[in-house]
Amino acid sequence: MKQQIASTTLTGSGTNSCRFLTIHETANKSRGANAQAHANLQSRAGIRQASWHYQVDDREAIQSHPHKRVCWHAGTPAGNANSIGIEICVNADGDFTKTIENAAQLAAQVLREENIPLERMVQHNYWSGKNCPTFLRQKGWNAFVARVRELLKDDDKPALEKPQAPASKPSTGKTVAQLADEVIAGKHGTGDARRKSLGGKYTAVQAEVNRRLTGKTSKPSKPKPVGKTVAQMATEVITGKHGIGHAARQKSLNIDSATYAKVRAEVNRRLK
Ligand SMILES: [Zn+2]
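Residues numbered from 1 in each chain as written. Predicted model: local features only at pLDDT ≥ 70, side-chain atom pairs only at ≥ 80, totals over all residues.

Colleague: I keep staring at the overall build of the protein chain and nothing clicks. Help me out?
Modeller: In terms of helices and strands, the protein chain carries twelve helices and eight strands. Evaluated residue by residue, the protein chain yields a buried proportion of 33% over its 272 residues. In the protein chain, once contacts between residues fewer than 6 apart in sequence are set aside, the share between residues at least 24 apart is 72%. (Helix = DSSP H or I, 4+ residues; strand = E, 2+ residues; numbered from the N terminus. Buried ≥ 20, exposed ≤ 12 C-beta atoms within 10 Å, placed from the backbone. Contact = placed C-beta atoms within 7 Å.)

Colleague: Would you explain the sheet that holds strand 5 (residues 61–63) in this entry?
Modeller: Pairing between sheet strands relies on hydrogen bonds along the backbone, with the strands arranged either parallel or antiparallel. With mixed pairing, six strands are arranged side by side in an open sheet as 1-5-4-7-3-8. Strands with a single pairing partner mark the edges of an open sheet, and in this sheet they are strand 1 (2–3) and strand 8 (121–123). When strand 4 (residues 54–56) meets strand 5, the two strands line up antiparallel, connected through three bridges. Looking at strand 5, one finds that glutamine 55 is bridged to isoleucine 62. Sheet strands in contact with helix 3 (residues 96–114) are strand 3 (20–25), strand 4, strand 5, strand 7 (83–88) and strand 8, and its direction is about 170° off that of strand 7. (Pairing = 2+ DSSP bridges. Axes fitted to C-alpha atoms, helices over the stretch in contact; angles between N-to-C directions.)

Colleague: Is there a simple way to think about unusual backbone geometry in this case?
Modeller: For residues besides glycine, phi is generally negative; the peptide bonds are generally trans as well. Looking along the chain, the bond that leaves cysteine 132 and enters proline 133 is cis, with omega of 0°. Its identity as a non-glycine residue notwithstanding, asparagine 254 has a phi of 60°, on the positive side. Tracing the sequence through the fold places asparagine 254 in the loop between helix 11 (246–253) and helix 12 (257–271).

Colleague: Mind showing me how you'd approach the nonpolar core here?
Modeller: It is characteristic of soluble globular proteins that their nonpolar side chains tend to be buried jointly. With 31 residues, the main nonpolar core has Leu21, Val56, Ile86, Ala103, Leu106 and Ala107 as its most contacted residues. The dominant element in this core, judged by the number of residues it contributes, is helix 3, at eight residues. In contact with isoleucine 86, other than residues within four places in its own chain, are Leu21, Ile23, His24, His53, Tyr54, Val56, Ala103, Leu106 and Ala107. By size, the runner-up hydrophobic cluster in this structure holds seven residues, among which are Met233, Val237, Tyr260 and Val267. (Core = buried A, V, L, I, M, F, W, Y, C linked by C-beta atoms within 7 Å.)

Colleague: Just checking my understanding: could you explain the confidence of the model for the protein chain for this structure?
Modeller: Parts of the model with low pLDDT should not have their predicted coordinates read in detail. For the protein chain, per-residue confidence averages 87 on the pLDDT scale, and residues scoring 70 or more make up 88% of the total. Below a pLDDT of 50 lies the segment residues 167–171, which in the model reaches nine contacts outside its immediate sequence neighbourhood of four places, other chains included. pLDDT under 50 marks residues 218–225. Its contacts with residues more than four places away, or in other chains, come to two contacts. (pLDDT = per-residue confidence, 0-100.)

Colleague: Please clarify how helix 10 (residues 230–238) should be interpreted in this entry.
Modeller: The α-helix winds at 3.6 residues per turn, so residues separated by three or four positions along the chain end up facing the same way. Taken as a whole, helix 10 has its buried residues at Met233, Ala234, Thr235, Val237 and Ile238. Two residues or fewer past helix 10, glycine 240 is found with a positive phi of approximately 85°.

Colleague: Would you take a moment to explain the environment of serine 257 for this structure?
Modeller: Take serine 257: it is sitting in helix 12. Along the chain, serine 257 and isoleucine 116 lie 141 residues apart, while their C-alpha atoms are 9.9 Å from each other.

Colleague: Explain the environment of asparagine 125 here, please?
Modeller: Along the polypeptide, asparagine 125 turns up in helix 4 (residues 124–128). On a C-alpha basis, the gap between asparagine 125 and arginine 137 in space is 9.0 Å, while along the polypeptide they are twelve residues apart.

Colleague: For this particular structure, what's the right way to read the packing of helix 10 against helix 12?
Modeller: Between two packed helices, what matters for the description is the angle formed by their axes and the separation of those axes. At their nearest, the axes of helix 10 and helix 12 sit 9 Å apart, and the two run at 65° to each other. Remark: the crossing between helix 10 and helix 12 carries right-handed chirality. Residues Val230, Ala231, Met233, Ala234, Val237 and Ile238 of helix 10 pack against Lys262, Val263, Glu266, Val267 and Arg270 of helix 12. Classifying every residue of the contact of helix 10 with helix 12 by side-chain character gives eight nonpolar, no polar and three charged. (Left-handed = near helix turned anticlockwise from the far one by under 90°. Nonpolar A, V, L, I, M, F, W, Y, C, P; charged D, E, K, R; others polar.)

Colleague: Help me out: how do you make sense of the packing of helix 7 (residues 176–184) against helix 9 (residues 202–214) in this one?
Modeller: Where helix 7 meets helix 9, the closest approach of the two axes is 9 Å, and the angle between their N-to-C directions is 65°. Both helix 7 and helix 9 take part in a crossing whose hand is right-handed. Judged by residue contacts, Val176, Ala177, Leu179, Ala180, Val183 and Ile184 of helix 7 engage Ala204, Val205, Glu208, Val209 and Arg212 from helix 9. Here the contact of helix 7 with helix 9 is built from residues that sort into nine nonpolar, no polar and two charged.

Colleague: I keep staring at the pairing of strand 3 and nothing clicks. Help me out?
Modeller: Successive residues of a regular strand alternate their side chains across the two faces of the sheet. Along strand 3, six of the six residues are buried, which leaves the element largely enclosed by surrounding structure. Residue alternation in strand 3 divides its side chains into two sets, Phe20, Thr22 and His24 and Leu21, Ile23 and Glu25, and both sets are buried. Taken together, the six bridges between strand 3 and strand 7 define a ladder with parallel strand orientation. Within strand 7, the position partnered with threonine 22 by the bridge is glycine 85. Relative to strand 8, strand 3 runs parallel, the two sharing three bridges. Each bridged residue has a counterpart across the sheet, and for leucine 21 the counterpart in strand 8 is methionine 121.

Colleague: In this structure, what is going on with the pairing of strand 7? I would like to understand it.
Modeller: Burial within strand 7 is extensive, with six of its six residues counted as buried. Neither face of strand 7 is left uncovered, since the one carrying Ser83, Gly85 and Glu87 and the one carrying Ile84, Ile86 and Ile88 both have all their residues buried. Of the strand pairs in this sheet, strand 4 and strand 7 are connected by three bridges, and their pairing is parallel. Of the residues in strand 7, the one forming a bridge with valine 56 is isoleucine 88.

Structure below.
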């Protein structure tokens, strides 16, 4: 994800609740009216009294504002204060099919990060009645929603259903951190079995496991985090300690949505 963060000149006060994702199209069919051009437009500020969080074309997505900023894109105060805005480019020299796929990937990522349910991915039309996103409203909106659902589905599979490497798999090539994850997940058994499975890396891995499980950090100057770290919680989620489903896991971990989003991102990163 490329970032080109614009100033707050054209954004509102207060904090975006990030409860919705609003989909737009730029309605600018000019050649070259791609994501970079729209990001530059926002960086210059003042040309149009409008702002939005992301623009996406057939090659890339660019973020212009952090999610928490209240951008001016929805046409209503409620829409601006409660949603993240994505502008889909419709430039004539772009491959619109590819743009839509990139937009779906971006939308899934934002929904995931902010724990926004798919039902709250809405058209600009939902807030103000404007005919936007124009092309998707004519044709393809349902397919777009279905594609985003598909992308999110991979993420909703319980972690333990993901294929796991058998314990007998040779440990060469894996990092100490990866092997420590596996030990904590129970993949290398205990005692002599673990020693055999890890071979020459046993001592280093065991030290890492102990460090994680006791919460001791190798940098004592760092302030001790309150509660569990994201890494610890991610390990627990992967080992199934917090059940299945995001709502249940967040409740079990007793953390806020922003923290849970971080845990979720870490889990996804490790399971990739
Ligand atoms: Zn719009």
